[in-house]
Amino acid sequence: MKRIGLFGGTFDPPHYGHLLMAEQAYQQLALDEIWFIPSYQPPHKDDAKTTAKDRVEMTKAAIDDNPAFKVDAIEVEREDKSYTLNTIKRLKESYPDHQFYFIIGGDMVEYLPKWHRIEELMAMLTFVGVNRPGYKMDTPFPVKEVEMPLIDISSTMIREKLGQRQSIRYLTPPNVIDIINKYKLYS
């Protein structure tokens, strides 16, 4: 049975914080792979600043040097609001012999009670909360904790820097920056 970490997000753009979260979960839980799942349209956020196609391409570029990481475009292919429950049902049908671990930031753990049909989702997989300073992992649900070094990078920060024509070097991998420049994203 393969142990797969699922890391969903907008990835608008992906950055070193995302990669570090995934790597910490991969290492600390001894997972076989991490699948990055870019959302088409997350239910809890406004529209993304770039197209789903651009975000999938940037995410693939961000992880291309790690053979344990892959991109699954299941939510983008569905072209609808991305509810985790629908995604997990489809993945479990396609991969019945896999055990799934859904990776979320410590800041999202407290919102689990508000997730769409959370009890049903909890019965289907294990949630992994990546502990980030400043957030409590308070939840009535069982969540495996993973520790992560402090790294304060966000997609919002990167977009703001780009809007101010500042460098984003060392915030996201160079090949992601190449795609941003090639398609003139966020300008």
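This text goes with the structure placed above it.
All of these numbers come straight from a predicted model, not from anything done at the bench.

## Re the pattern of salt bridges
Per the counting criterion, the structure on display carries three salt bridges. In this structure, Glu-120 and Lys-89 form a salt bridge, with 3.3 Å as the shortest nitrogen-oxygen distance. Linking Glu-120 in helix H6 (residues 118–122) with Lys-89 in helix H4 (residues 84–94), this pair joins segments that are 31 residues apart in sequence. You can call Glu-120 partly exposed: its relative accessible area is 32%. Classification of Lys-89 by relative accessible area gives partly exposed; the value is 30%. The salt bridge involving Arg-117 is made with Glu-120; its shortest N-O contact spans 2.8 Å. Looking at Arg-117, the relative accessible area reads 41%, which means it is partly exposed. One connected set of salt bridges, linked through shared partners, spans Lys-89, Arg-117 and Glu-120.

## Considering the sheet that holds strand S5 (residues 126–131)
Across the sheet, which stays open at both edges, the six strands sit in the order S3-S2-S1-S4-S5-S6 with parallel pairing between neighbours. The open sheet is flanked by strand S3 (69–71) and strand S6 (143–147), the only strands paired with a single partner. On average, adjacent strands in this sheet sit at an angle of 30° to one another, irrespective of strand direction. Pairing analysis gives five bridges linking S5 to S6, with the strands arranged parallel. Pairing of Gly-129 across the sheet is with Glu-145, part of S6. Helix-sheet contacts for H4 involve strand S1 (2–9), strand S2 (33–38) and strand S4 (98–105), and the interaxial angle to S4 is about 155°.

## Comments concerning unusual backbone geometry
Of note, the bond from Asp-12 into Pro-13 is cis; its omega dihedral lies within 30 degrees of zero at 0°. At Arg-165, a position not held by glycine, the phi torsion is positive, near 60°. Following the sequence through the fold, Arg-165 ends up in the loop between helix H7 (155–163) and helix H8 (174–183). Arg-165 gets classed as exposed once you look at its relative accessible area, which sits at 78%.

## Details of the packing of aromatic side chains
Enumeration according to the criterion identifies 10 aromatic pairs in this entry. Seen from their ring centres, Phe-7 and Phe-11 are 5.4 Å apart, and the 90° between their planes marks the pair as edge-to-face. Phe-11 shares its class with Phe-7; the two are buried. Joined through ring pairs, the aromatic side chains of Phe-7, Phe-11, Tyr-26, Phe-36 and Phe-69 make up one cluster. Seen from the ring of Trp-35, Lys-70 lies directly overhead, with NZ or CZ sitting 4.2 Å from the centre.

## A look at H4
Turning to H4, its buried residues are Thr-84, Leu-85, Thr-87, Ile-88 and Leu-91. End-on, the buried residues of H4 take up no more than an arc of 160°, which puts them together on one face. Turned more than 90 degrees away from the buried face of H4 sit Glu-93 and Ser-94, all of them exposed. Looking at the buried positions of H4, the neighbouring elements they touch are S1, S2, helix H3 (74–78), S4 and H6.

## Observations regarding the pairing of S2
For a regular strand, the rule is simple: side chains alternate between the two faces of the sheet. Of all six residues in S2, six are buried, a share of seventy percent or more. Alternating residues of S2 divide into Glu-33, Trp-35 and Ile-37 and Ile-34, Phe-36 and Pro-38, and every residue in both groups is buried. Pairing geometry for S1 and S2, over six bridges, is parallel. In the sheet register, Gly-5 faces S2, and the bridge partner there is Ile-34. As a crossover connection, the stretch from S1 through helix H1 (residues 16–28) into S2 is right-handed. Bridge count for S2 against S3 is three bridges, and the pairing is parallel. Bridge pairing links Ile-34 to Phe-69 in S3.

Rules used in this analysis
Residues numbered from 1 in each chain as written. Predicted model: local features only at pLDDT ≥ 70, side-chain atom pairs only at ≥ 80, totals over all residues. Heavy atoms only, no water. Salt bridge = Lys/Arg side-chain N within 4 Å of Asp/Glu carboxyl O. Helix = DSSP H or I, 4+ residues; strand = E, 2+ residues; numbered from the N terminus. Buried < 20%, exposed > 50% of the residue type's maximum accessible area, 1.4 Å probe, protein only. Pairing = 2+ DSSP bridges. Axes fitted to C-alpha atoms, helices over the stretch in contact; angles between N-to-C directions. Contact = heavy atoms within 4.5 Å. Phe/Tyr/Trp six-rings, centres within 6.5 Å; stacked < 30°, edge-to-face > 60°. Lys NZ or Arg CZ within 6 Å of the ring centre and 35° of its normal. Arc of directions from axis to C-beta. Right-handed = clockwise from strand over helix to strand, strands pointing away.

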